[in-house]
Amino acid sequence: MYLNSIFADPERTARLIDIAKTSLQPLLEGAIMNTIPLTIISFIIGLILAVLTALARISQVKFFQIVARVYVSAIRGTPLLVQLFIIFYGLPNIGITLDPFISAVIGFSLSVGAYASEVIRAAILSIPKGQWEAGYSIGMTYTQALKRIILPQAAKVSLPPLSNTFISLVKDTSLASLVLVTEMFRRAQEIASTNYEFLLVYTEAALLYWVICFFLSVIQGFLEKRLDRYAS
Amino acid sequence: MISIKGLYKQFGQLEVLKGIDLEVEKGKVVVVIGPSGSGKTTMLRCLNVLEIPTKGVVSIEGQNLDFSKNVPQKNIASFRRLTGMVFQGYNLFPHKTALENVMEGPMIVKRETKEAARKKASALLKKVGLGDKQDYYPAQLSGGQQQRVGIARALAMEPEVMLFDEPTSALDPELVGDVLKVMKDLAAEGMTMIVVTHEMRFAREAADEVIFMDQGVVVERDKPAEIFTNPKEERTKKFLNMIQ
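Below you will find a few notes about this structure. All chains use their own residue numbering, which begins from 1 and follows the written sequence. Chains carry letters and ligands carry numbers; both start at the beginning, A for chains and 1 for ligands, and go up in the order they are written. The model is predicted, so local features are restricted to residues of pLDDT at least 70 and side-chain atom pairs to those at 80 or more, both for listing and for counting; the totals for chains, interfaces and linings are taken over all residues. To obtain the side-chain values, all non-hydrogen atoms of the structure were used and water was disregarded.

Considering the side chain of T53(A)
Residue and element names in this part refer to chain A.
Point 1. Secondary structure elements follow DSSP: runs of H or I of four or more residues count as helices, runs of E of two or more count as strands, with numbering from the N terminus. Assignment of secondary structure puts T53 in helix α2 (residues 10–58).
Point 2. Counted as a polar contact is a pair of N or O atoms within 3.5 Å, where, for protein atoms, one must be capable of donating a hydrogen and the other of accepting one, and residues adjacent in sequence contribute only when both atoms are in side chains. Within the structure, the side chain of T53 is placed 2.6 Å from the backbone oxygen of L49, a separation counted as a polar contact.
Point 3. Ignoring anything within four residues of it in the chain, the contact list for T53 reads A68, Y71, V72 and S117. Residues are treated as being in contact if the distance between any of their heavy atoms lies within 4.5 Å.

Some words on empty space enclosed by the protein
Point 1. The rule is simple: put a 1 Å grid over the protein atoms alone, call a set of points where a 1.4 Å probe fits but cannot get out a cavity, call an open set with protein on both sides within 12 Å along at least five of seven lines a pocket, and count a residue as lining if it has an atom within 4 Å of a point. Grid points are joined across faces, edges and corners, and a volume is the space filled by probe spheres set on the points. Summed over all chains, the structure comprises one cavity of 30 Å³ or more.
Point 2. Space inside the largest cavity adds up to approximately 40 Å³.
Point 3. Around the largest cavity, the lining residues are S137(A), I138(A), G139(A), R80(B), R81(B), T83(B), G84(B), M85(B), A154(B) and M157(B).
Point 4. Element by element, the count of residues in the lining of the largest cavity is highest for strand β6 (residues 83–86) of chain B, at three residues.
Point 5. Only Asp, Glu, Lys and Arg are considered charged in this grouping, and only Ala, Val, Leu, Ile, Met, Phe, Trp, Tyr, Cys and Pro are considered nonpolar; every other residue, Gly among them, is considered polar. By residue class, the composition of the lining of the largest cavity is four nonpolar, four polar and two charged.

Quick word on the interface of chain B and chain A
Point 1. Contact residues are listed per partner, giving 25 residues for chain B and 20 residues for chain A.
Point 2. Summed over both partners, the accessible area lost on bringing two parts together, with a 1.4 Å probe, is the buried area. Between chain B and chain A the total buried area reaches about 2000 Å² when both faces are included, carbon and sulfur atoms providing 61% of it.
Point 3. It is F93(B), P94(B) and H95(B) in chain B that bury the most area against chain A; as a group they hold 26% of the surface buried on that side.
Point 4. Any Lys or Arg side-chain nitrogen found within 4 Å of a carboxyl oxygen on Asp or Glu counts as a salt bridge. Where chain B meets chain A, there are two salt bridges.
Point 5. R45(B) is the partner of E133(A) in a salt bridge, and the nearest nitrogen-oxygen pair spans 2.5 Å.
Point 6. Counting residues per element, the ones that place at least two in the side of chain B that touches chain A are α2 (73–80), β6 and α3 (98–109) of chain B.
Point 7. When residues of the side of chain B that touches chain A are assigned to their parent elements, the largest contribution, five residues, is made by α3(B).

Some details on the sheet that holds strand β8 (residues 192–196) of chain B
Residue and element names in this part refer to chain B.
Point 1. Taken in spatial order, the six strands make up an open sheet running β6-β7-β8-β3-β9-β10, and their pairing is mixed. Among the strands making up the open sheet, the edge pair consists of β6 and β10 (217–222). Going from strand to strand, the sheet's axes swing by 20 degrees on average, the running direction of each strand aside.
Point 2. Looking at chain direction, strand β9 (residues 209–214) and β10 are connected through five bridges and run antiparallel. DSSP-based pairing: two strands are paired if at least 2 bridges between them are found. Axis definition: a line fitted to C-alpha atoms, limited for helices to the stretch in contact. Angles are taken between N-to-C directions and run from 0 to 180 degrees.

So, the pairing of β8(B)
Every other side chain in a regular strand lies on the same face of the sheet, so the side chains alternate between the two faces.
Residues and elements named next belong to chain B.
Point 1. For every residue, the accessible area (1.4 Å probe, protein chains only) is compared with the maximum for its type, and the residue is labelled buried under 20%, exposed over 50%, or partly exposed between those bounds. β8 sits mainly inside the fold: five of its five residues count as buried.
Point 2. In β8, alternate side chains face the same way, and those of T192, I194 and V196 on one face and M193 and V195 on the other are all buried.
Point 3. Across four bridges, strand β3 (residues 29–33) lies against β8 in parallel orientation. In the strand pairing of β8, V31 is matched with V195.
Point 4. As defined by bridge partners, strand β7 (residues 161–165) adjoins β8 across five bridges and the pair is classed as parallel.

Details of the nonpolar core
Point 1. In this description, a nonpolar core means a group of buried Ala, Val, Leu, Ile, Met, Phe, Trp, Tyr and Cys residues linked to one another through side-chain atoms lying within 4.5 Å. I151(B), M162(B) and M193(B) are the most contacted members of the largest nonpolar core, which totals 136 residues.
Point 2. In this structure, I151(B) is in contact with V86(B), M162(B), F164(B), V179(B), V182(B), M183(B) and L186(B), ignoring residues within four places of it in sequence.

Re the layout of surface pockets
Point 1. As a volume, the largest pocket reaches approximately 820 Å³.
Point 2. Lining the largest pocket are 30 residues, and of these Q60(A), W132(A), Y136(A), Y142(A) and Q73(B) sit closest to its centre.
Point 3. Among the elements of the structure, α5 (100–126) and α6 (129–137) of chain A together with α2 of chain B are those that each provide at least two residues to the lining of the largest pocket.
Point 4. Per element, the largest residue contribution to the lining of the largest pocket is five residues, and it comes from α2(B).
Point 5. In the lining of the largest pocket, the residues fall into 18 nonpolar, five polar and seven charged.
Point 6. Counted as a void, the second largest pocket has a volume near 480 Å³.
Point 7. Sort the elements by how many residues they give to the lining of the second largest pocket and helix α7 (residues 142–172) of chain A lands first, with nine residues.

Right, dumping it as structure tokens:
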């Protein structure tokens, strides 16, 4: 019916094509200025957090284990949207007012850190104990063995699940629209609220998300091939 | 010289080493034999502190670790550098080529330049007969070749003593010879070696001394000619009868 109404009316068709064209630029702007930087920055910080959390979980020190467990449990046990609201709308009540983008980065980093830490923990534990011992036997310290021997091998194991996390994150950044970050989806909302062509504009945004994620899976395939030079 | 004094190791309730005393002079080759569960591997792993002994003193060329007290991590790392370890399962780094495996220690632990490490690694791989396999990944090498890379990797740290933990047990029979030959060459060059193995021929031909362990203690030690033909202890006789 919607399609009928479009093609039956050449004037409306022209208007829709025009809207699709003119909204492309602001949507891409939102993607390039906010969605993509938000994703990349949050993922990098999240990954560092995740490695630290994973190491804390497998460390011998009870205190680190407990801190890591509570962190992962709290983040996984509460909705991301609620976390973002606490950071952006809640913290000002105790005098901490953050820029929308910064709030979003904090929220997403914490989220990635918790979810990815489980992936990295499993990957580290999947590397045979003999690899640690071989590193130690040539005089390496814990840190050297971790950096040179264990993490590179764990990276290979964790690449597919981490790619999943990354792709999810691209889409989750749309939640940042609700804490006033003018990322791609917020731009879409702004455009749609002026011309009421919700179906068209939101679909256009969805297609752009899809394109971004498609490229990411291509990169994932490429990385997997590169890390597969050695078979283990 | 290497010495072990009053070495005990307990895993939970299980006492694996019950007071080992052992001295190995520089340049000597000592082969350790004994039934499985006798503690020979554990003793070897205590020597390079992959296992922390419950108590006892180990010393290599004047450096001591006394495990009756708490030993700081830093001392353990520097002590380990005196020993080279060859594992039963090779434990090569699968994400690095043969050359990179051997370079890793000199480059990262000894902080030699990449060029110096590469030169040294390349020479060592030639020495173990793998000059043409430098750029192969472990998965592309046979078990015997992997184990020889393992030996080269340990040698690259220029250890005072080489420890071999059943280096040929995981190998197909036809590949054992190449590894044993490398070990014999090392012995002939005067490397101090402690070898846990079931290869009695190697023990006969290359060892200065054979040690028989059972149930966490050294039962008997003697020259190979003596221990194989004329064992003094009942337990040694029984074991040798079983494997021959």
